[in-house]
Amino acid sequence: MENKPLKVLFVTPEIVPYKATGGLADVGEALPPALMQEGVEAVRVMPKYKGIEQSYDLDREFSFIVEAGGRANVVTIYSLVDSGVLTLFIGSENHFERDGVYGYDDDGVRFGLFCKAVVEMLMYLDFKPDIVHLNDWQTALIGLILKEEFQEIDFYKDIKIVYTIHNLQYQGVFDRSMLNALNFSDEHFNIEAIEYYGKVCFMKAGIVYADLVTTVSRTYSQEIQTQWYGYGLDGLLRKFSDKITGIVNGIYYDKYNPSTDEALLLNFDEDNFRDLRPRHKAMVQESVGLPVRDVPMFGVVTRLAEQKGIDLIIQAMSSCLTKMFSSLFWDRETIILREGFRSLSRHILTR
């Protein structure tokens, strides 16, 4: 019998370049194409946020009804093929046509509707995934829907769930009334399902109903099982530790290639980087108003949040400066730099 390619549905709340608020969107951009290079048939799906159709030529496919928030909502599926990858967009005028992405009082209903729509959408597609790959709390209810609500429908049998935790701190915790808002049975409100200290936790559903739970590194997969980094879910994660593994996020080589990256001021490769990279560094120093010097220069793209390890960077830089200048005279610029790091450290750690 001919081997058929593995089919994966990659479900995420954001994808570069359509909508991005963090690193998850970068994974959504890079991972499905990488899977396709390995012979996997990958399809992406995300919400159709406001304005996406104005920047990209989306094809309108079909519409259907999804009940959520105490009303019947018209959900429309759009599609776009870019660089050989099919991306499906789930549109709902009442839920995603807004200026922002997150932070609304009805986020539970918004992304609960998204999860329900993803599952129901599959019946209308010529695509039955072997694996549904879920990402963070906004997609986590799909596991519960597949394993509990749709378990009697033959089409959905044998579909496996992979759930990736990118940021455990954001768990999607809502009042118990969320079950009624999404037309879920109260029987799911128990400690073995999605009950979480008297509330409903979307991320808990993702962990409980997944066949495999992954994190963005092996270290993180171990850290989140501790009380310090578990944010209240460490006990649950230890319970399911046998299905938790860490896979380090990769680099999108096609995009972040120094020989072709348009974001660089000067491109270089393995043949000329010894000459051109120092020139590029000098150009960067000049462009941001730094003295053009042959000294170490560090950069980091991140939010100023404790979970990003900013305090560790500050401590490492302070230690680095101490070692660099321990045998040298502490001139005025060095003292200013050292005190600047200390001031930034106090500001961040006391926020």
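Summarised in this report is the structure supplied together with it.

Re the pairing of strand S6 (residues 131-135)
With four of its five residues buried, S6 lies for the most part within the structure. Here strand S1 (residues 7-11) runs beside S6; their pairing, made up of four bridges, is parallel. In the sheet register, Val11 faces S6, and the bridge partner there is Leu134. Relative to strand S7 (residues 160-165), S6 is paired through five bridges, and the arrangement is parallel. Following the sheet pairing, Val132 is matched in S7 by Ile161. With helix H5 (residues 141-149) bridging S6 and its parallel neighbour S7, the resulting β-α-β unit is right-handed.

Concerning the sheet that holds strand S10 (residues 199-201)
Ordered in space as S8-S10-S9, the three strands form an open sheet in which the pairing is antiparallel. Of all strands in the sheet, those with a lone pairing partner are strand S8 (173-174) and strand S9 (195-196), marking the two edges. Relative to S10, S9 runs antiparallel, the two sharing two bridges. Opposite Tyr196, over in S10, you have Lys199 as the bridge partner. Here helix H7 (residues 202-209) sits on the sheet and contacts S8, S9 and S10; the angle it forms with S10, its principal contact strand, is near 55 degrees.

Some thoughts on the nonpolar core
In terms of nonpolar packing, the biggest core is built from 78 residues, with Ile165 and Ile207 touching the most fellow members. Among the elements that take part in this core, helix H4 (residues 107-121) stands out by supplying nine residues, more than any other.

Remarks on the pairing of strand S3 (residues 59-68)
Pairing of S3 with strand S4 (residues 71-82), which is carried by nine bridges, proceeds in the antiparallel orientation. If you follow Asp59 over to S4, its bridge partner there is Ser79. Linking S3 back to S4 in an antiparallel pair, the connection comprises two residues, with Gly69 at a positive phi of about 70 degrees.

Thoughts on the packing of H5 against H7
Each pair of packed helices can be described by the angle between their axes along with the distance between the axes. Where H5 meets H7, the closest approach of the two axes is 7 Å, and the angle between their N-to-C directions is 50 degrees. Taken together, the axes of H5 and H7 are oblique relative to one another. By crossing handedness, the relation of H5 to H7 is classed as left-handed. Residues Leu141, Gly143, Leu144, Lys147 and Glu148 of H5 form the contact with H7, whose own contacting residues are Phe202, Ala205 and Tyr209. Here the residues of the contact of H5 with H7 sort into five nonpolar, one polar and two charged.

Cut-off values and rules
Residues numbered from 1 in each chain as written. Predicted model: local features only at pLDDT ≥ 70, side-chain atom pairs only at ≥ 80, totals over all residues. Heavy atoms only, no water. Buried < 20%, exposed > 50% of the residue type's maximum accessible area, 1.4 Å probe, protein only. Helix = DSSP H or I, 4+ residues; strand = E, 2+ residues; numbered from the N terminus. Pairing = 2+ DSSP bridges. Right-handed = clockwise from strand over helix to strand, strands pointing away. Contact = heavy atoms within 4.5 Å. Axes fitted to C-alpha atoms, helices over the stretch in contact; angles between N-to-C directions. Core = buried A, V, L, I, M, F, W, Y, C linked by side-chain atoms within 4.5 Å. Parallel < 35°, antiparallel > 145°, perpendicular 65-115°, else oblique. Left-handed = near helix turned anticlockwise from the far one by under 90°. Nonpolar A, V, L, I, M, F, W, Y, C, P; charged D, E, K, R; others polar.

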